[in-house]
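Residue strings, one per chain:
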Amino acid sequence: MTTHFKPFNTLFLESQSILEPKGKVITRRLSDMAELYQDQKSAQSLMDENPLVYEVFNVEVPESIEHIQHCITVLYPGKVGEEFFMTKGHYHEILNRAEIYFCFKGEGKLVMQTQDGDYEELDMKPGTISYVPPNWAHRTVNTGEEPFVFFAAYPGDAGHNYGDIEKIGFRKVIVNESGEVKTVDNPRYQLS
Ligand code: PAN
Ligand code: ZN
């Protein structure tokens, strides 16, 4: 008889924005990603405090194509200079693996880019379901004053490639300009 992987539940504790069981938790502080922000002087001045930028609570399932990875991200509010707190951003290691995001709380943007330099961004608020098609790098940005909390699901074998975005960046950055959320060109973007 075949041994089947057993079905199981995970509970999203909405008031605390955590999963039960917590699963594999990834914690990103400013020091883990300071070089990704535009204003390096502001990044350095925040380094003593080293704020928590986001946490990812991963439900643990095998990393193979038959399975579906799923997790909750809690992206905290804050800015480095005028640039809003964001995730590192990545392509999937297997480039053509898609993803679905569902926003529970807060507000933000999902920014996406292809290797040819096509750029798109979507607004997210509670209830928004966003589709990241195959081949698009993706990053989320918290443009609000509360934690931005979303669920994600993607093929088990997708993997994460952070290096390309670290090197090239996204074409645009999301900043606060006199109290308004603005998308502006990234002067450090370099299409190789
Ligand atoms: C998400 C992200 C999560 C954190 O689960 O991994 O929001 O962002 P970074 O991975 O860019 O640090 C996802 O897109 N998984 O594939
Ligand atoms: Zn992803």
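Every residue gets a number counted from 1 within its own chain, in the order that chain's sequence is written. For naming, the first written chain is A and the first written ligand is 1, with later ones following in the order written. The model is predicted, so local features are restricted to residues of pLDDT at least 70 and side-chain atom pairs to those at 80 or more, both for listing and for counting; the totals for chains, interfaces and linings are taken over all residues. By convention in this description, side-chain values take in all heavy atoms of the structure and omit both hydrogens and water.

Named according to an unreviewed UniProt entry, the protein is glucose-6-phosphate isomerase originating from Lederbergia citrea. The record in UniProt for the protein states the following under Sequence similarities (unreviewed entry): "Belongs to the archaeal-type GPI family." According to the UniProt record, the Catalytic activity (unreviewed entry) comment for the protein is "alpha-D-glucose 6-phosphate = beta-D-fructose 6-phosphate". UniProt positions are given in the numbering used here, feature names are shortened, and annotations may be inferred rather than shown by experiment.

Enquirer: So, the nonpolar core: which residues are in play, and what are the values?
Expert: Working definition of a nonpolar core: buried Ala, Val, Leu, Ile, Met, Phe, Trp, Tyr and Cys residues. They are joined through side-chain atoms within 4.5 Å. Using a 1.4 Å probe on the protein chains alone, a residue whose accessible area is under 20% of its type maximum counts as buried, one over 50% counts as exposed, and one in between counts as partly exposed. Counting residues in each nonpolar core, the largest one holds 36 residues, and the members touching the most others are Leu30, Met33, Tyr37, Val53, Val80 and Met124. Among the elements that take part in this core, strand β13 (residues 148-155) stands out by supplying 4 residues, more than any other. Only heavy atoms enter the contact rule, under which two residues are in contact if any of them lie within 4.5 Å. Filtering out sequence-adjacent residues up to four positions away, Tyr37 remains in contact with Leu30, Val53, Val80, Glu83, Phe84, Phe85, Met86 and Arg188. With 9 residues, the next largest nonpolar core counts Phe57, Ile72, Val74 and Val149 among its residues. Secondary structure elements are defined from DSSP: runs of H or I of at least 4 residues count as helices, runs of E of at least 2 residues count as strands, and each element is numbered from the N terminus.

Enquirer: So what's going on with a negative patch on the surface? Residues and values would help.
Expert: For patch building, the residue pool is restricted to those with more than 30% relative accessible area and no salt bridge; the joining distance is 9 Å between like charges and 5 Å between nonpolar side chains (Val, Leu, Ile, Met, Phe, Trp, Tyr). What sets the accessible areas is the Shrake-Rupley method with a 1.4 Å probe; for residues, cover comes only from the shown protein chains. Salt bridges are identified by distance alone: a Lys or Arg side-chain nitrogen within 4 Å of an Asp or Glu carboxyl oxygen. Under this rule, positive means Lys or Arg and negative means Asp or Glu; His and the chain ends count for nothing. The atoms used to mark charge sites are NZ of Lys, CZ of Arg, CG of Asp and CD of Glu. A cluster of acidic residues, Asp39, Glu82, Glu177 and Glu180, forms a negative patch at the surface. Inspection of the secondary structure assignment puts Asp39 in the loop between β3 (24-29) and α1 (40-45).

Enquirer: Outline the coordination of the zinc ion (ligand 2), listing residues and values.
Expert: Because water is not among the atoms used, a metal site may look incomplete, as its donors are only the N, O and S atoms within 2.8 Å, or 3.2 Å for Na, K and Ca. Looking at the zinc ion (ligand 2), one finds its protein donor set to be His90 (NE2), His92 (NE2), Glu99 (OE) and His138 (NE2), positioned 2.1 to 2.2 Å from the metal centre. Counting along the primary sequence, the residues that act as donors to the zinc ion (ligand 2) give the motif H-x1-H-x6-E-x38-H.

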